[in-house]
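# Per-entry structural report
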Amino acid sequence: MLNVDNIVVSVRNGPDIVRGVSFRIEPGEILGLVGESGSGKSMTSLALMGLLPPALHLSAGSITQDGADVTHLAPHERVRRKCGKMAMVFQEPMTSLNPVLRIAEQIEEAVRVHDPDTDASPRARELLDMVRIPDTAHQMRSFPHELSGGMRQRVMIAIALACRPQVLIADEPTTALDVTVQLQVLGLIRDLCNRLDMGVLFITHDLGVVAQLADRVAVMYAGSLVENADVEPLFRAPLHPYTGALMACLPNPESDDAVMATISGSAPRPGAIPPGCPFSPRCSRAQQPCLSGPVPCARGVAGQTAMCHFPLNESVLA
Amino acid sequence: MGRYFLRRTGAAIITLIAASIIIFGFIHLIPGDPIYVMLGDGATPEQVALLRNRMGLDEPLVVQYMIWAGNALQGDLGQSIFFDTPVTQVIKEGAETSILLATITMVWIILFGVPVGILSAIRQGTWIDQGLSGLAMLLASVPTFWVGLYLILIFAAGLGWFPSSGFPSIFEEGGLSNLRYLILPSLALAAPNAALILRLTRASMLDVAREDYVRTARAKGIRPYRVVLRHILRNALLAVVSAFGFTFAALISEAVVTETVFALPGIGRTVVQSILRRDYPVIQGVILVTVCLYLVINLLVDLSYRLLDPRVELE
Amino acid sequence: MMQTLATWTRPAISRPLTTLGVIFLLTVVVFAAFSPWIAPYAPDQIDPANRLLPPGGAHLLGTDHFGRDTFSRLVYGARLALLIGIGVVGFALASGVPIGILSALYPALGRVLMRMVDVLMSFPSLLLALGLIVILGQGVFNAILAIGLIYLTTTARIVYGVALRLRAEPYVEAARSAGAGTWWIITRHILPNMISPLLVQASFVFAFAQLGAASLDFLGLGAPPDIPSWGNMLAESRIYITRASWLLLWPGLMIVLTAFSLNLVGDAIRDRMDPRFREMVGR
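Residues numbered from 1 in each chain as written. Chains lettered and ligands numbered in written order. Predicted model: local features only at pLDDT ≥ 70, side-chain atom pairs only at ≥ 80, totals over all residues. Heavy atoms only, no water.

## Remarks on the overall build of chain C
Counting secondary structure elements, chain C contains 12 helices and zero strands. Going from N to C terminus, chain C has its helices and strands arranged as α-α-α-α-α-α-α-α-α-α-α-α. Reported as C-alpha extents along the three principal axes, the dimensions of chain C are approximately 75 × 50 × 30 Å. Here chain C holds 283 residues, and the buried ones make up 54% of them. For chain C, long-range pairs separated by at least 24 residues make up 72% of all intrachain contacts whose partners lie at least 6 apart in sequence. Within the structure as shown, chain C displays about 12500 Å² of accessible surface, and the carbon and sulfur contribution to it stands at 68%. Put simply, chain C has 20 plus and 14 minus side-chain charges, and the middle of one group is 8 Å from the middle of the other. (Helix = DSSP H or I, 4+ residues; strand = E, 2+ residues; numbered from the N terminus. Buried < 20%, exposed > 50% of the residue type's maximum accessible area, 1.4 Å probe, protein only. Contact = heavy atoms within 4.5 Å. Areas by Shrake-Rupley, 256 points an atom, 1.4 Å probe, with all protein chains shown as cover. Lys, Arg positive; Asp, Glu negative; His and termini not counted. Charge placed at Lys NZ, Arg CZ, Asp CG, Glu CD.)

Here's what the structure looks like:
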C-alpha cells in the first residue's frame with residue numbers, strides 16, 4: 001500500500017508547485033489523478049518516484065510504502081529494497097526509450113537491476129508477453145525507432161513491470177497515441193492491475209479516460225487536491241465546482257449541443273495562486289468567504305471529500 | 001544507406017571541384033605576372049618562356065584548369081620551382097611529420113578533453129565544473145606558438161627533458177624513440193583543441209542528460225554511475241567522435257605555426273616557406289591535398305556516424 | 001532604464017571573473033586611445049646601451065634587443081589589437097549577416113550562397129588566410145581581410161540558422177501573409193531578434209582574431225615588422241627567450257588576457273540570452 005501524506009514540491013528558492021497533496025493507493029485499485037496541464041500532477045508523480053528535475057525538490061510531507069518511509073530515497077535505492085516498489089510509465093513513448101539500445105537490452109537491464117542472479121532473457125520475453133507484444137523474438141531484437149508508438153508504450157510498461165511493482169505510476173501514457181491504440185493500452189493497464197493485484201496511479205487531463213478506467217478519482221487544481229471520490233459517486237454528483245466545470249466540458253453524446261462548455265479564465269501560475277480557495281476567481285459560486293482563509297472540507301455520503309465552502313449537489317452531502 | 005552514401009559523396013565531390021577552381025584560380029588572382037613574381041625581376045626571357053610553357057600558362061584559362069585538374073587526378077601536382085622536384089615529392093617528405101604530429105596531438109586531445117569534459121558535466125554547477133570550464137576557456141585563448149615557446153623554454157632549454165627542435169624520421173637511426181621530438185609540439189598544438197573537445201563533451205553530456213530516456217533509465221533503478229556510462233556517455237560520444245574527424249583535419253593546417261616554432265620538417269612549415277619563396281605550385285598542391293583530406297575525413301565521419309546510430313536505417 | 005541597468009549589473013556581481021575581464025578590456029581600450037600619454041618612451045626609440053634589460057628601474061617591463069621599452073610597445077600594441085579585432089568583426093558581420101539573412105529569405109539564392117560558404121569552410125582556416133595573404137600581400141589591412149574571411153563563413157552559417165527559424169516563427173509568417181515587405185521583415189523582425197546571438201558571435205570572433213593575427217605576425221606574414229604589435233614582439237623575442245624570457249611573457253599575456261576576457265564576455269552574454277536563441281546558436 002502506498003501512502004502519500006501532505007507532500008509539497010517547491011522550486012528551489014521559489015514558489016510551491018505541489019501544495020500539500022495526500023492520497024493512498026491500495027493493491028489492485030486504479031486512482032485517477034485528474035487536472036489541467038500545469039496543475040502539478042506530473043510533478044506529484046515524479047516526486048513519488050524520486051525523479052524530480054534538479055530545479056525542484058520535495059520540501060515537506062512523506063511517502064510511505066508498506067509502512068516504510070521512502071520519501072527521500074533515490075530510485076536506485078528504492079528498487080533494491082525488499083518491500084513494495086513503484087515503477088513509472090511516461091507520457092512520451094517516442095523519446096523515452098534509448099535510441100541506440102535494442103529493446104531486449106533495455107528490458108533486460110531493468111530485470112537485472114531487480115534480480116541480478118536470474119537469466120534476464122526469458123524474463124524479458126515473459127514481460128513482453130505480459131504486455132501482449134506479438135512476435136516477441138523479433139521485437140526483442142528491434143531498435144525503438146522500428147516500433148510504433150503503441151508498441152513502444154507497451155515496451156515501457158514491460159520495463160516498468162520488471163521490478164514487480166506494487167504500484168504503477170502512469171503519467172498520461174496514452175495522450176501521445178492514436179485513439180484505437182489508446183483503448184488497447186488502457187485495457188492492458190486495467191488487465192495488468194487486476195491480474196497482478198497492482199495499484200495504479202493514472203495521471204490524465206481527460207475525465208473521459210478516468211470514467212472508463214479508474215476506481216477512485218482525485219482532482220487536482222493549482223497544486224492542491226480539490227476533490228477525492230470513488231468514480232461512480234463522483235460522476236453522478238460532483239461536489240467541487242471545478243469538478244463540475246470539468247464535467248460540463250466533456251462532450252456529451254446524448255445532446256446535440258455543438259458548443260462545448262469551457263471554464264472561463266485560466267489556471268493560476270505557481271507563485272500567483274490567490275488566497276483562500278484557489279479556484280475562486282473562476283468559480284461562479286464564489287462568495288466572500290472563498291476569497292481568504294482556510295477552505296473547509298465538505299463530505300458526501302459515499303465518502304466523497306471536496307475542499308469547498310459552497311459545494312454542488314447538496315443532496316449528497318453527509 | 002546506399003543512397004545516402006551516394007548523395008553525400010556527390011556533395012563532397014562538388015565541393016571539391018569548387019574548391020579546386022578556387023585553388024587553381026588563386027595563382028591568377030595574384031597581381032602582376034605570376035611568372036615574374038615567382039622568378040624575380042632578374043629572370044631571363046628564356047627562363048620566363050620555359051616556365052610559362054611548363055606551367056601551361058599560354059593556354060586559355062579553361063584549358064589550363066582542365067590540364068591542371070587532370071594532372072592532379074593522376075597524382076601530378078606540378079613541379080616545385082624552388083626545389084625543382086615534383087610537388088607530390090615535397091608533400092610526401094613533409095607528410096610523415098605532419099601525420100605523426102597530428103596523431104599524437106589527437107591522443108592528447110582525447111586523453112584530456114573527453115574525460116575532463118565528462119567530469120565537468122557530472123559535476124555540473126559545482127566549483128570543479130566552473131574551474132574546468134574556466135580552464136578550457138583559458139586554453140582556448142592561448143596562442144599555440146606561445147605555449148610552444150614556453151614548453152621549449154622550460155622542458156627543452158631548462159630541464160633538458162626533450163629536444164627543442166627538428167624531427168628525424170622514425171625510419172632513421174633512433175627509430176620510434178625519435179617520437180620524443182614531437183612530444184612538446186604536440187602538447188602545444190593540443191592545448192586549444194583539447195579545450196574545444198572538453199567543452200563539446202560537456203555540452204553533449206548535458207544535452208543527453210536531459211533526454212527522456214535517461215529519466216527512464218533512472219526510473220528503472222539503475223545506479224547513477226551506470227546511467228552515466230551506459231545511457232548518457234554512449235549517446236553523448238556519438239557527437240564528440242564526429243568532432244574528432246574535423247579536429248584531425250584542422251590539426252594538419254593548424255600545425256603550420258607549431259611546425260615553425262619547433263622547426264619540424266612538416267607540410268605546414270613547407271607552406272610557410274613556400275609562401276616566402278613564392279613557390280606557388282607547392283602552395284596550391286598542399287592546399288588541394290588538405291582540402292581533399294578534410295572532405296574525405298568529413299565523409300567518413302558522417303558515414304560512420306550514420307552506421308553507429310541505428311535510427312538512420314529508416315531514412 | 002533602471003531595469004536594463006539592473007540586468008547588466010547583476011551578472012557583474014555574480015561573475016567576478018567576467019567583471020575582471022571587462023576591466024582588462026577597458027584597460028586595453030585606454031592604452032590604445034591614450035598611448036602617447038601612457039607610454040613613457042616612443043615605441044621605436046632605440047637605445048643600444050640598454051639592450052635586453054630585465055624588468056625594473058627606468059624600464060618597467062625591461063627592454064628588447066634594440067633597447068626599446070617593452071611597456072611602451074605593449075601600450076602601442078593595444079592599438080593594433082583593437083584595430084584587428086574591430087576590423088575582423090566588422091568584416092565578418094558586414095558580409096556574413098547579409099549572406100545569412102538573404103539565404104534564409106530566398107531559398108534558391110540560399111542554396112548557392114550556403115554552398116559557397118561550405119566550399120570556403122572546406123579550406124582549413126589558417127591555410128585559407130595564408131592563401132589570401134599570398135594573393136593580397138602582407139599588411140595589416142590584408143591580415144584583417146584574411147582573418148575576416150574565416151569568420152565570414154561561421155557568421156553566415158549562424159545567421160542563416162537563426163534567420164531560418166525566425167522566418168518560421170508565427171509572427172513573421174503572419175507579417176508576411178499580411179503583405180509586409182522583405183525589408184520591413186528584416187529590419188523589424190529579424191535583425192532586432194538577432195542582436196544577442198550576433199553579440200555573442202562578435203565577442204568570440206574578436207577573441208579569435210587576436211589569436212589569428214598573432215599567428216600571422218609570428219609567421220612573418222601579418223603586420224609589417226616595424227609596427228609594434230604583440231605578435232611581432234613575440235616573433236622578435238623568439239631567439240632571445242633563453243636570455244630574456246620576460247620578453248616572451250608580457251606580449252603573450254596581453255594576447256591571452258584579451259582573448260580570454262572576450263571569451264568570458266561572450267559566454268556571459270550567451271548565458272543571459274533567451275534560451276530559444278541559445279538553442280539556435282547551439283554552442
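Once you've had a look at it, read on.
## Some points on the overall build of chain A
Scanning chain A for helices and strands turns up 10 helices and 12 strands. At 20 Å, chain A has a C-alpha radius of gyration in line with the 20 Å of a compact globule built from 318 residues. Across its three principal directions, the C-alpha atoms of chain A cover 65 × 50 × 35 Å. Burial analysis of chain A (318 residues in total) assigns 55% to the buried set. Of the contacts made within chain A by residues no fewer than 6 positions apart, 63% connect residues no fewer than 24 positions apart. Within the structure as shown, chain A displays about 13400 Å² of accessible surface, and the carbon and sulfur contribution to it stands at 52%. (Rg over C-alpha atoms; globule rule 2.2 N^0.38 Å.)

## Some thoughts on the interface of chain B and chain C
Listed by partner, the interface residues are 42 residues for chain B and 38 residues for chain C. Taking both sides of the interface into account, the surface hidden between chain B and chain C amounts to around 3600 Å²; carbon and sulfur atoms contribute 80%. On the chain B side of the contact with chain C, B:Met137, B:Phe145 and B:Trp146 bury the most area, a combined 16% of that side's loss. Here chain B is connected to chain C by one salt bridge. Across the pair B:Arg199 and C:Asp267 runs a salt bridge whose closest N-O atoms are separated by 3.2 Å. Summed over the shared surface of chain B and chain C, the result is eight residue pairs in polar contact (both at pLDDT 80 or more). (Buried area = accessible area lost by both parts, 1.4 Å probe. Salt bridge = Lys/Arg side-chain N within 4 Å of Asp/Glu carboxyl O. Polar contact = N/O pair within 3.5 Å; in protein donor to acceptor, adjacent residues only side chain to side chain.)

## Details of the sheet that holds strand β1 (residues 2–11) of chain A
Residue and element names in this part refer to chain A. Read across the sheet, four strands follow the order β2-β1-β4-β5 without closing on themselves; strand pairing throughout is antiparallel. Strands with a single pairing partner mark the edges of an open sheet, and in this sheet they are β2 (16–25) and β5 (68–69). Of the strand pairs in this sheet, strand β4 (residues 56–65) and β5 are connected by two bridges, and their pairing is antiparallel. Residue Thr64 lies in a different strand from β5, and its bridge partner there is Asp69. (Pairing = 2+ DSSP bridges.)

## Side note on the packing of helix α9 (residues 182–219) of chain C against helix α11 (residues 246–272) of chain C
Residue and element names in this part refer to chain C. Two numbers describe how α9 lies on α11: the axes approach to 8 Å, and their chain directions differ by 165 degrees. By the criterion of interaxial angle, the relationship of α9 to α11 is roughly antiparallel. Where α9 crosses over α11, the handedness of that crossing is left-handed. Together, Ser196, Leu199, Val200, Ser203, Phe204, Phe206, Ala207, Phe208, Gln210, Leu211 and Ala214 of α9 and Ile255, Thr258, Ala259, Leu262, Asn263, Gly266, Asp267, Ile269 and Arg270 of α11 make up the contact between the two elements. When its residues are assigned to classes, the contact of α9 with α11 shows 12 nonpolar, six polar and two charged. (Axes fitted to C-alpha atoms, helices over the stretch in contact; angles between N-to-C directions. Parallel < 35°, antiparallel > 145°, perpendicular 65-115°, else oblique. Left-handed = near helix turned anticlockwise from the far one by under 90°. Nonpolar A, V, L, I, M, F, W, Y, C, P; charged D, E, K, R; others polar.)

## Section: the confidence of the model for chain C
All names here are of chain C. Across chain C, pLDDT averages 81, with 90% of residues at or above 70. Predicted confidence for residues 1–8 stays below pLDDT 50, and this span has one contact to residues more than four positions away or in other chains. Throughout residues 276–283 the model reports pLDDT below 50, and contacts reaching past four residues in sequence, or to other chains, amount to 19 contacts. Across the interface, the model reports ipTM at 0.85; the global pTM reads 0.80. (pLDDT = per-residue confidence, 0-100.)

## Regarding a nonpolar patch on the surface
Residues B:Ile13, B:Ile17 and B:Ile21 make up a contiguous nonpolar surface patch of about 270 Å² in total accessible area. Judged by its relative accessible area of 46%, B:Ile13 is partly exposed. (Patch = residues over 30% accessible without salt bridge, like charges linked within 9 Å, V, L, I, M, F, W, Y side chains within 5 Å.)

## So, the interface of chain B and chain A
The interface of chain B with chain A comprises 22 residues on the first partner and 28 residues on the second. Overall, the association of chain B and chain A removes approximately 2400 Å² of surface from exposure, summing both partners, and the carbon and sulfur fraction of that is 58%. Inspection of the region where chain B meets chain A yields two salt bridges. Linking chain B with chain A are nine residue pairs in polar contact (both at pLDDT 80 or more). Counting residues per element, the ones that place at least two in the side of chain B that touches chain A are α9 (212–220) and α10 (224–261) of chain B. Here the side of chain B that touches chain A is composed, by residue class, of seven nonpolar, four polar and 11 charged.

## Digging into the packing of aromatic side chains
Overall, the coordinates contain 11 aromatic pairs over all chains when judged by the stated rule. Here the aromatic rings of A:Tyr221 and A:Phe279 are separated by 5.2 Å at their centres, their planes lie at 85 degrees, and the arrangement is edge-to-face. Of this pair, A:Tyr221 sits in strand β9 (residues 216–221) while A:Phe279 sits in the loop between α10 (241–249) and β11 (297–299), and the two are 58 residues apart along the sequence. Judged on exposure class, the residue A:Tyr221 and its partner A:Phe279 are both buried. Considering the side-chain rings of B:Phe24 and B:Trp68, the 5.7 Å spacing of their centres and the 40 degrees angle between planes classify their relative orientation as tilted. (Phe/Tyr/Trp six-rings, centres within 6.5 Å; stacked < 30°, edge-to-face > 60°.)

## A few points about the nonpolar core
In this structure, C:Leu130 and C:Trp230 are the most contacted members of the largest nonpolar core, which totals 157 residues. Here this core gathers at least three residues from each of two domains, domain 1 (2–73) and domain 2 (91–309) of chain B. Not counting residues within four places of it along the chain, the set of residues in contact with C:Leu130 comprises B:Val256, B:Val271, B:Ile275, C:Leu216, C:Leu219 and C:Leu221. Core analysis: the next-biggest nonpolar cluster, separate from the first, contains 99 residues, A:Leu58, A:Val89, A:Leu168 and A:Val181 among them. (Core = buried A, V, L, I, M, F, W, Y, C linked by side-chain atoms within 4.5 Å. Domains from an automatic or database assignment.)

## Notes on the arrangement of the chains
Taking contact number as the criterion, the leading pair out of two pairs of chains in contact is chains B and C. At the level of C-alpha atoms, the two units chain A and chain C stay apart, their nearest approach being 16 Å.

## What about the pattern of salt bridges?
Summed over all chains, the structure comprises 20 salt bridges over all chains. Residues C:Asp118 and C:Arg157 are paired through a salt bridge, measuring 2.4 Å at the closest nitrogen-oxygen approach. With C:Asp118 in helix α5 (residues 107–121) and C:Arg157 in helix α7 (residues 140–168), this pair connects stretches of sequence that are 39 residues apart. Bridged by salt links that share partners, the residues A:Glu109, B:Lys220 and B:Arg230 form one connected network.

## Here we look at unusual backbone geometry
Residues and elements named next belong to chain A. The phi torsion at Asp135 lies on the positive side, around 55 degrees, for a residue other than glycine. Locating Asp135 in the fold gives a position in the loop between α4 (120–130) and α5 (136–140). Its relative accessible area of 51% is what places Asp135 among the exposed residues.

## Some thoughts on the sheet that holds strand β6 (residues 86–89) of chain A
The pairing of strands in a sheet happens through backbone hydrogen bonds and is either parallel or antiparallel. Residues and elements named next belong to chain A. Spatially, the eight strands line up as an open sheet ordered β6-β7-β8-β3-β9-β10-β12-β11, and their pairing is mixed. For this open sheet the edge positions go to β6 and β11, each flanked by a neighbour on one side alone. Taking the axes of each pair of neighbouring strands and ignoring which way they run, one obtains an average angle of 20 degrees across the sheet. One ladder, built from five bridges, connects strand β7 (residues 167–171) with strand β8 (residues 199–204); its direction is parallel. Counted as the bridge partner of Val167 is Gly199 from β8. The strands touched by α10 within the sheet are β3 (30–34), β9 and β10 (224–230), with β9 carrying the most contacts at an inclination of about 100 degrees.

## Description of the side chain of B:Ser204
All names here are of chain B. Checked against the element boundaries, Ser204 lands in helix α8 (residues 183–209). The buried category is assigned to Ser204, whose relative accessible area is 8%. Excluding anything up to four places from it in sequence, Ser204 contacts Ala236, Ala239 and Val240.

## Let's talk about the pairing of β6(A)
All names here are of chain A. Residue alternation in β6 divides its side chains into two sets, Met86 and Met88 and Ala87 and Val89, and both sets are buried. In this sheet, β7 lies alongside β6 in parallel orientation, the contact comprising four bridges. Following the sheet pairing, Val89 is matched in β7 by Ala170.

## So, the side chain of A:Glu109
One can find A:Glu109 in helix α3 (residues 103–114). The class for A:Glu109 is buried, based on a relative accessible area of 4%. Non-local contacts of A:Glu109, meaning those with residues more than four positions away in its chain, are made with B:Lys220, B:Ile222, B:Arg226, B:Arg230 and B:His231.

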